[in-house]
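An overview of the molecular structure
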Amino acid sequence: MKIHLFKEARRFYRILIFCSIGLLSICHQSSGEDLAVAEGLHFDIVGLDRPSVYFVDTLTEHILLMAERYLGPQPQSFPQRILVVLQKGETLTDHENYQLTIEPGGFVRVDFNWNKNLKYPELCRGLVDAYLARLAILYHGYDAPVEVKAWLVSALALKSYISLRPSVYQAWCESLLKTSAFPIPSFEETAFEKRGTAPGIEAFFFMTALRSTGFSTDALQGLCRSAVKGVNIEAGLNELISDSEQNKGLSKIDLWWEEVISDLGSQSSDHYDSLKTSEEWIRELSKVVDLMDSNIELKSLKGLWSFRNNESLRFSLQVRLGRIAGRIERVNPVYLNAAQSLGVLYEEVLMGQQRHLFNDALIRFLGDMGDATRLHGAIDSALSEISKH
């Protein structure tokens, strides 16, 4: 029976894509434009403009990195991938720039009005909205998407946006300074209720506040996973604030919010480093030429193991580990895995006992850095290409 249902679901998905491509093909025949399709493990993107499809495909990779950062490890793939359709012109109703549809069998589809009226934050929101809906179905059942909380959708969408446009963060901080009372996002409103509205920056600052307060990664990710499930996080947040050392005596969320939002508004630096800054910083921290002296000759990071007992080298690696720990929160999410795996590599040199574990750490870093560089290049190319259209 399960096999039969699975086959039926796959058949429905093929029909869904066929219909979407069929409708776009009609436009294709009348416009003479090429039909483009990008297939992934979580998203399938269909559109009439190849650079646009390529851009959205690249953006979905970035959103997956953001989801992993705030929700913890993500599924390697979805049994039924999210279908993203880029519609030319204004084909959606009610003046919406994106429309999310939950099809029978747990299939998620998001259509975008692919024109100049679609703003970058809205695009990020539509993709995050679809991703969290599909994630909710995977873990909590077919009815779960209507329960996903709106603040999480907005927060992850704007975090994705800001990580690629860090300069915008400063302008948002300046807007906080001009506002006497900045609202905390609703913990009750669902994404279903707020769909069609622009994502509010209060959700972005709420997520930023959670990280800046010093809550553990497990606690932060636990709150976010609860929001996917549709849970009001007020009780859990109150408990975290009461237990937080730096917020002793603050038992009410509104008092915590007033204090933390004031601190965020006074910040003068960008929330994330740019892609280029993060890349250059990691390359500097992984240079071997700065580690060499008369007793150390290195051609690559692979040679570190042979000199792991050298006091000069050990001191230099400890300094580098301190620099990584002190800046890890600012690293652009595209390069976060590379920064973390470089730290693991240096820890293996300082404390490891087995060569093969050092080799594993080295391979992991080189792989993470290669993936980050590839995604960085793809994002730059896609942004450059899309700006021409």
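Up top is the structure these notes are about.
In this report, the structure presented in the accompanying data block is examined.

Turning our attention to the overall build of the chain. Each helix and strand counted, the chain has 14 helices and five strands in total. Burial statistics for the chain: of 389 residues in total, 49% are counted as buried. Accessible surface, the chain as shown: approximately 18,800 Å² in total, 52% of it carbon and sulfur.

Counting buried positions along strand β2 (residues 43–47) yields five of five residues, so the element is predominantly enclosed. What you see with β2 is no split at all: Phe43, Ile45 and Gly47 on one side and Asp44 and Val46 on the other are buried throughout. Across four bridges, the pairing between strand β1 (residues 36–39) and β2 is antiparallel. Residue pairing in the sheet places Ala38 in a bridge with Ile45 of β2. Taken together, the four bridges between β2 and strand β3 (residues 82–88) define a ladder with parallel strand orientation.

The grouping of Asp143, Glu147, Glu188, Glu193 and Glu234 at the surface amounts to a negative patch. Looking at the element boundaries, Glu193 is found in helix α6 (residues 191–194).

With that settled, the discussion passes to the packing of aromatic side chains. The geometry of two aromatic rings is summed up by the distance between their centres and the angle between their planes. If you walk through the whole model with that rule in mind, you get 13 aromatic pairs. Relative to Tyr131, the ring of Phe43 has its centre 6.2 Å away and its plane inclined at 20 degrees; by these criteria the two rings are stacked. Placement of the pair is Phe43 in strand β2 and Tyr131 in helix α3 (residues 120–140), with a sequence separation of 88 residues. Accessibility assignment for this pair places Phe43 and Tyr131 in one class, buried. Members of the aromatic cluster, each reached through a chain of ring pairs, are Trp151, Phe187, Phe206, Phe215, Trp256 and Trp257.

What follows deals with the nonpolar core. Grouped together as the largest cluster of nonpolar side chains are 115 residues, with contacts concentrated most on Leu132, Trp151 and Trp256. Once residues lying within four places of it in the same chain are set aside, the contact partners of Leu132 are Leu71, Val148, Leu152, Val153, Leu156 and Val228.

Another point: the environment of Asp371. Tracing the sequence through the fold places Asp371 in helix α14 (residues 355–386). Between the alpha carbons of Asp371 and Val334 there is a distance of 8.8 Å; along the sequence they are 37 residues apart.

Take the environment of Trp257 next. Note that Trp257 resides in helix α10 (residues 253–265). In this structure, the C-alpha to C-alpha distance between Trp257 and Leu210, residues 47 residues apart in sequence, is 9.8 Å. If we ignore the near neighbours within four places in the chain, the residues touching Trp257 are Phe182, Pro183, Ile184, Pro185, Glu202, Phe205, Phe206 and Ala209.

With that out of the way, let us pick up the pairing of β3. Of all the seven residues making up β3, six are buried; the element is thus mostly covered by neighbouring parts of the structure. Examined bridge by bridge, β3 and strand β5 (residues 107–114) share six bridges and lie parallel to one another. Bridge pairing in β5 places Leu83 opposite Arg109.

Moving on to helix α7 (residues 201–212). End to end, α7 covers 16 Å across twelve residues, agreeing with the expected 16 Å (1.5 Å per residue, within 8%). Every buried residue belonging to α7 is among Ala203, Phe204, Phe205, Phe206, Met207, Thr208, Ala209 and Leu210, and all of these are buried. Just downstream of α7 lies Gly214, where phi reads positive at about 100 degrees.

On to the sheet that holds β3. Here five strands make up an open sheet; going across it, the order is β1-β2-β3-β5-β4 and the pairing mixed. Two strands bound the open sheet, and with one partner strand each, they are β1 and β4 (98–103). Each strand of the sheet is rotated relative to its neighbour by a mean of 15 degrees, with strand direction disregarded. Of the strands in this sheet, β1, β2, β3 and β5 touch helix α2 (residues 50–71), which is tilted by about 160 degrees from β2. α3 rests against β2, β3, β4 and β5 of the sheet, and its axis sits at about 175 degrees to β5.

Along the chain, Phe307 falls in the loop between α11 (275–285) and α12 (311–327). C-alpha of Phe307 to C-alpha of Ile296: the two residues are eleven residues apart in sequence and 7.0 Å apart in space.

The next point concerns the pattern of salt bridges. Inspection of the entire model under this criterion finds ten salt bridges. Across the salt bridge formed by Arg109 and Asp111, the nearest N and O atoms sit 2.7 Å from each other. Both residues of the pair, Arg109 and Asp111, belong to the buried class. Among the ionic pairs, Asp368 bridges to Arg364, the shortest N-O distance being 3.0 Å. With Asp368 and Arg364 both in helix α14 and four residues apart, this pair spans about one turn of that helix. Taken together, the salt bridges that share partners define one network made up of Asp273, Arg327 and Arg330.

A few words on the packing of α2 against helix α4 (residues 150–164). Direction vectors running N to C along α2 and α4 enclose 120 degrees, while the axes themselves pass 10 Å from each other. By the angle class used here, α2 and α4 are oblique. As α2 packs across α4, the resulting crossing turns out to be right-handed. Contacts from Leu59, His62, Ile63, Met66, Tyr70 and Leu71 in α2 reach Leu152, Leu156, Lys159, Ser160, Ser163 and Leu164 in α4. Taken together, the residues of the contact of α2 with α4 break down into eight nonpolar, three polar and one charged.

Rules of the game
- Residues numbered from 1 in each chain as written.
- Predicted model: local features only at pLDDT ≥ 70, side-chain atom pairs only at ≥ 80, totals over all residues.
- Heavy atoms only, no water.
- Helix = DSSP H or I, 4+ residues; strand = E, 2+ residues; numbered from the N terminus.
- Buried < 20%, exposed > 50% of the residue type's maximum accessible area, 1.4 Å probe, protein only.
- Areas by Shrake-Rupley, 256 points an atom, 1.4 Å probe, with all protein chains shown as cover.
- Pairing = 2+ DSSP bridges.
- Patch = residues over 30% accessible without salt bridge, like charges linked within 9 Å, V, L, I, M, F, W, Y side chains within 5 Å.
- Salt bridge = Lys/Arg side-chain N within 4 Å of Asp/Glu carboxyl O.
- Lys, Arg positive; Asp, Glu negative; His and termini not counted.
- Charge placed at Lys NZ, Arg CZ, Asp CG, Glu CD.
- Phe/Tyr/Trp six-rings, centres within 6.5 Å; stacked < 30°, edge-to-face > 60°.
- Core = buried A, V, L, I, M, F, W, Y, C linked by side-chain atoms within 4.5 Å.
- Contact = heavy atoms within 4.5 Å.
- Expected span 1.5 Å × (residues − 1).
- Axes fitted to C-alpha atoms, helices over the stretch in contact; angles between N-to-C directions.
- Parallel < 35°, antiparallel > 145°, perpendicular 65-115°, else oblique.
- Left-handed = near helix turned anticlockwise from the far one by under 90°.
- Nonpolar A, V, L, I, M, F, W, Y, C, P; charged D, E, K, R; others polar.

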